[in-house]
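Remarks on the overall topology
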Amino acid sequence: DVKTGKPLYESDVEDYSSVTAEYLLKKMMEDKAVVAITSGTPAVLGFTEERRKAAGSQFVDVGIAEETAVALASGIATGGGKPVYGVYSTFVQRTFDQLSQDLCINNSPATIVTFCASVYGMNDVTHLGIYDIPMMANIPNLVYLAPTTKEEYLAMLEWSLQQNEHPVAIRLPGGDMVADGKAVTKDFSRLNSYEVTKRGSKVAVIGLGTFYGLGKDAAELIEKRTGVRPTVVNPYYITGLDTQLLEELKKDHDVVVTLEDGILDGGFGEKIARFYGSSDVKVLNFGLKKEFLDRYDVQEVLTENRLTAEQIAEDVMELL
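With that out of the way, let us pick up the overall build of the protein. Secondary structure assignment for the protein yields 11 helices and 13 strands. Here the protein has a C-alpha radius of gyration of 20 Å; the compact-globule value for 320 residues is 20 Å, and the two agree. The principal-axis extents of the C-alpha atoms in the protein amount to approximately 60 × 50 × 35 Å. Expressed as a percentage of its 320 residues, the buried residues of the protein come to 52%. A separation threshold of at least 6 residues defines the contact pool for the protein, and within that pool the share at least 24 residues apart is 79%. Just so you have it, the protein exposes about 14,600 Å², and 48% of that area is on carbon and sulfur atoms.

The subject of this paragraph is helix H3 (residues 66-78). The first and last C-alpha atoms of H3 sit 18 Å apart over 13 residues, in line with the 18 Å expected at 1.5 Å per residue. Buried residues of H3: Glu66, Ala69, Val70, Ala73, Ser74 and Ala77, and no others. The buried residues of H3 occupy one face: seen down the axis, they fall within an arc of 130°. Glycine 80 occupies a position one or two residues after H3 and carries a positive phi of about 100°.

Under the criterion given, the structure shown has 7 aromatic pairs. Ring centres of phenylalanine 188 and tyrosine 236 lie 5.8 Å apart, and the angle between their planes is 85°; on these two criteria the pair is classed as edge-to-face. Highlighted residues: phenylalanine 188 in the loop between strand S8 (168-171) and strand S9 (195-198) and tyrosine 236 in the loop between strand S11 (231-234) and helix H8 (243-252), separated in sequence by 48 residues. Side by side, phenylalanine 188 and tyrosine 236 carry an identical accessibility label, which is buried. An aromatic cluster of at least three residues, connected via ring pairs, comprises Trp159, Phe188 and Tyr236.

Once that is clear, we can look at the pairing of strand S12 (residues 253-263). For S12, the buried fraction is high: 10 of the 11 residues fall into the buried class. One ladder, built from 6 bridges, connects strand S10 (residues 202-207) with S12; its direction is parallel. Within S12, the residue paired with valine 205 across the bridge is valine 257. Sheet topology note: the S12/strand S13 (residues 282-288) ladder contains 6 bridges and is parallel. By the bridge assignment for S13, valine 256 is matched with valine 283.

Attention shifts here to the pattern of salt bridges. Any two side chains of opposite charge can pair, so long as their charged atoms come close to each other. Overall, the coordinates contain 18 salt bridges when judged by the stated rule. A salt bridge links glutamate 49 to lysine 53; the nearest nitrogen and oxygen atoms lie 3.7 Å apart. Remark: lysine 53 and glutamate 49 occur in helix H2 (residues 49-55); sequence separation between them is 4 residues, near one turn of the helix. The same class applies to glutamate 49 and to lysine 53, which are both exposed. Between glutamate 223 and arginine 229 there is a salt bridge; the shortest N-O distance is 3.9 Å. Residue arginine 229 is classed as partly exposed on the basis of its relative accessible area of 39%. Each of Lys26, Lys27, Glu30 and Glu158 takes part in a single network of salt bridges with overlapping partners.

Strand pairing in a sheet takes place through backbone hydrogen bonds and is either antiparallel or parallel in direction. Strand order in the open sheet made by the 6 strands is S2-S1-S3-S4-S8-S7, with parallel pairing throughout. Each end of this open sheet is capped by a strand with a single partner; those strands are strand S2 (59-61) and strand S7 (143-145). Direction aside, the axes of adjacent strands within the sheet are offset by 20° on average. Across 4 bridges, the pairing between strand S1 (residues 34-38) and strand S3 (residues 82-88) is parallel. Among the inter-strand pairings, isoleucine 37 is bridged to a residue of S3, identified as tyrosine 85. Lying over the sheet, helix H1 (residues 16-30) contacts S1, S3 and strand S4 (111-115), oriented at roughly 145° with respect to S1. Against the sheet, H3 touches S1, S2 and S3, its axis set at about 160° to S3.

Definitions and cut-offs
- Residues numbered from 1 in each chain as written.
- Predicted model: local features only at pLDDT ≥ 70, side-chain atom pairs only at ≥ 80, totals over all residues.
- Heavy atoms only, no water.
- Helix = DSSP H or I, 4+ residues; strand = E, 2+ residues; numbered from the N terminus.
- Rg over C-alpha atoms; globule rule 2.2 N^0.38 Å.
- Buried < 20%, exposed > 50% of the residue type's maximum accessible area, 1.4 Å probe, protein only.
- Contact = heavy atoms within 4.5 Å.
- Areas by Shrake-Rupley, 256 points an atom, 1.4 Å probe, with all protein chains shown as cover.
- Expected span 1.5 Å × (residues − 1).
- Arc of directions from axis to C-beta.
- Phe/Tyr/Trp six-rings, centres within 6.5 Å; stacked < 30°, edge-to-face > 60°.
- Pairing = 2+ DSSP bridges.
- Salt bridge = Lys/Arg side-chain N within 4 Å of Asp/Glu carboxyl O.
- Axes fitted to C-alpha atoms, helices over the stretch in contact; angles between N-to-C directions.

Here is the structure:
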């Protein structure tokens with residue numbers, strides 16, 4: 001509002017930004033090594049002016065200089081600190097060089113939290129959040145994680161801050177935050193270990209991050225219409241394959257479905273398809289086609305890319 005200077009739209013609903021700020025402020029009070037970094041967007045980490053004052057020198061805004069942010073995070077981590085850099089997915093492209101050269105070659109245990117990495121994120125042609133997986137998930141040494149809930153996210157963040165072996169990035173889900181209250185006991189240091197959340201046969205649905213829920217919905221439709229009870233998998237790890245699980249699926253599964261909230265080219269699903277290339281297992285990769293979208297309607301884009309539970313079930317049923 002121009003006259004009052006107050007925002008026209010305000011929300012006090014808990015989201016990943018506020019959750020992150022609360023978590024980091026608590027950690028900062030307990031551990032002076034914890035440092036939050038932003039590149040001109042403090043709100044992405046939930047750091048309001050009041051929270052920035054509370055954090056003091058443990059909060060650093062480098063300005064619109066993503067390259068500096070990653071280089072700084074790498075340096076702090078190498079020096080024994082615990083940096084957490086919050087960045088919008090669309091701006092990751094600006095710092096690809098530093099991710100590779102400064103962070104991952106040195107294997108610096110910094111934490112990167114990627115926000116709005118989703119078809120549900122920003123929708124301007126210059127601010128698309130659907131290209132981070134091909135950019136980040138193919139850099140050696142980086143562990144890129146995909147939580148599906150608030151609880152999984154906080155567990156991943158806690159693990160990342162405690163470990164000192166890998167640079168870690170966490171890709172936050174798009175859409176409304178899901179909080180199911182379930183305790184997370186997974187040991188994330190066991191890299192690339194997926195979780196089977198529903199055991200079935202013939203069809204396996206691997207739903208990454210945001211689209212894990214979509215995968216569950218599609219699996220329920222398939223079971224309802226065919227009697228086939230699909231296996232449902234939460235993979236957690238974008239950067240690696242659970243080869244033991246994927247090998248086991250060959251025994252009693254004919255179709256493996258992958259779902260990812262990003263472009264298919266160079267993405268997560270292609271890694272799964274490559275693994276099964278010499279086998280009899282058919283793989284269906286669902287995701288977004290490579291294009292520059294602009295001011296789009298999310299539901300239209302999902303439908304065009306056959307990313308509804310109904311369409312996924314239809315495509316799978318053709319193979320049964």
